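Observations on the three-dimensional arrangement
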Amino acid sequence: QVQLVESGGGLVQAGGSLRLSCVASGRAFSSYAVGWFRQAPGEEREFVAAITWSGGRTLYADSVKGRFTISRDNAKNTVYLQTNSLKPEDTAVYYCAAGPTAHVFWGGYDYWGQGTQVTVSS
């Protein structure tokens, strides 16, 4: 009922930036929060950031605070993740997910995109 498509990933040198996008479609989105998660090969899925579709409440993992910013443009049905000062440890597939509330647990989200690869070189 909700489709999510990520884009904006790529290869970047350490210290660089990327702007990831998550475009939603399929139903009314105002009641859904959106989270960003990432997963490196052989690792478990890790919370990155989350935002409510209304009210502007945001959450961040400690590892990205001060470097990443989550935002939204409701007119475009899009949530963004601005990633600055990227480190090799940030290399992963980044996924966006929609659910009833903004929180850190991946199991609480109902819909997932297919992911976009972010690779940070030394």
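Residues numbered from 1 in each chain as written. Predicted model: local features only at pLDDT ≥ 70, side-chain atom pairs only at ≥ 80, totals over all residues. Heavy atoms only, no water.

With that settled, consider the sheet that holds strand 1 (residues 3-7). What the four strands build is an open sheet, ordered 1-3-8-7; its pairing is antiparallel. Across the chains shown, the open sheet's two edge strands, defined by having one partner strand only, are strand 1 and strand 7 (68-73). Within this sheet the neighbouring strands show an average axis-to-axis angle of 15 degrees, counted without direction. Looking at chain direction, strand 3 (residues 18-25) and strand 8 (residues 78-83) are connected through six bridges and run antiparallel. Residue pairing across strands places leucine 18 opposite threonine 83, the latter belonging to strand 8. (Pairing = 2+ DSSP bridges. Helix = DSSP H or I, 4+ residues; strand = E, 2+ residues; numbered from the N terminus. Axes fitted to C-alpha atoms, helices over the stretch in contact; angles between N-to-C directions.)

Turning our attention to the nonpolar core. Within the largest apolar cluster, 35 residues are counted, with the highest numbers of intra-cluster contacts made by Leu4, Trp36, Val48, Val79, Leu81 and Tyr94. Listing elements by their share of this core, those giving two or more residues are strand 3, strand 4 (33-39), strand 5 (46-51), strand 7, strand 8, strand 9 (92-99) and strand 11 (116-121). When residues no more than four places from it in sequence are discounted, the contact partners of tyrosine 94 are Glu6, Leu20, Trp36, Phe37, Arg38, Val48, Phe68, Leu81, Gly115, Thr116 and Val118. (Core = buried A, V, L, I, M, F, W, Y, C linked by side-chain atoms within 4.5 Å. Buried < 20%, exposed > 50% of the residue type's maximum accessible area, 1.4 Å probe, protein only. Contact = heavy atoms within 4.5 Å.)

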